[in-house]
Amino acid sequence: MPTYAYACKDCSHAFEIVQSFTDNSLTSCPECEGTLRKKFNSVGVVFKGSGFYRTDSRDAKGSTVSPAPAATPAAPAAPAPAAAN
């Protein structure tokens, strides 16, 4: 069940309460019987595992994304010329 945050418009009393989705929103403050407002917060959602990315459900033939070019090995560094004194 989700946790909802409320704040009183009259006395600024703030609290959280666990309610079912089917429960009605609270309307009166438990402290002063004033009017409540529901506070909305951002929801952190994290998708983990396979199946959540665009490329997870495609096969290699149907993909429009070209694969990254293969890295070419770097040439060995040439020896530094001897300094003339």
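Above this note sits the structure.
Residues numbered from 1 in each chain as written. Predicted model: local features only at pLDDT ≥ 70, side-chain atom pairs only at ≥ 80, totals over all residues. Heavy atoms only, no water.

Caption draft 1: How the structure looks around the sheet that holds strand E1 (residues 3-8). The sheet built from 3 strands is open, its strands ordered E2-E1-E3 with antiparallel pairing. The sheet is open, and its two borders are formed by strand E2 (14-18) and strand E3 (36-39), each paired with just one other strand. Between one strand axis and the next, the sheet turns through 35 degrees on average, direction left out of account. One ladder, built from 5 bridges, connects E1 with E2; its direction is antiparallel. Following the sheet pairing, threonine 3 is matched in E2 by valine 18. (Pairing = 2+ DSSP bridges. Helix = DSSP H or I, 4+ residues; strand = E, 2+ residues; numbered from the N terminus. Axes fitted to C-alpha atoms, helices over the stretch in contact; angles between N-to-C directions.)

Caption draft 2: The packing of aromatic side chains, seen in detail. Taken as a whole, this structure holds 1 aromatic pair when the rule is applied. Note on tyrosine 6 and phenylalanine 15: the rings are 5.8 Å apart at their centroids and 25 degrees apart in plane angle, and the pair reads as stacked. With respect to burial, tyrosine 6 and phenylalanine 15 carry one shared label: buried. Over the ring of tyrosine 4 we find lysine 38; its NZ or CZ atom is 4.3 Å from the centre of that ring. (Phe/Tyr/Trp six-rings, centres within 6.5 Å; stacked < 30°, edge-to-face > 60°. Buried < 20%, exposed > 50% of the residue type's maximum accessible area, 1.4 Å probe, protein only. Lys NZ or Arg CZ within 6 Å of the ring centre and 35° of its normal.)

Caption draft 3: Representation of the environment of glutamine 19. On the secondary structure map, glutamine 19 appears in the loop between E2 and E3. With residues up to four places along the chain from it excluded, the contact list for glutamine 19 reads Met1, Pro2, Tyr4, Tyr6, Asn24 and Leu26. Reaching out from glutamine 19, the side chain makes a polar contact with the backbone oxygen of asparagine 24 at a distance of 3.2 Å. (Contact = heavy atoms within 4.5 Å. Polar contact = N/O pair within 3.5 Å; in protein donor to acceptor, adjacent residues only side chain to side chain.)

Caption draft 4: The state of the cysteines, seen in detail. Counted under the stated rule, the structure contains 0 disulfides. Here cysteine 8 stays free of any disulfide, with the sulfur of cysteine 32 as its closest cysteine sulfur at 3.6 Å. As a non-bridged cysteine, cysteine 11 has cysteine 32 as the owner of its nearest cysteine sulfur, 3.6 Å distant. Cysteine 11 sits in the partly exposed class, given a relative accessible area of 37%. (Disulfide = S-S within 2.5 Å.)

Caption draft 5: Quick look at unusual backbone geometry. With phi around 65 degrees, serine 12 is a residue other than glycine that occupies positive phi space. In this structure, serine 12 sits in the loop between E1 and E2. For serine 12, a relative accessible area of 59% puts it in the exposed group. The backbone of glutamate 33 sits at a positive phi, close to 65 degrees, despite the residue not being glycine. On the secondary structure map, glutamate 33 appears in the loop between E2 and E3. Residue glutamate 33 is classed as exposed on the basis of its relative accessible area, which comes to 58%.

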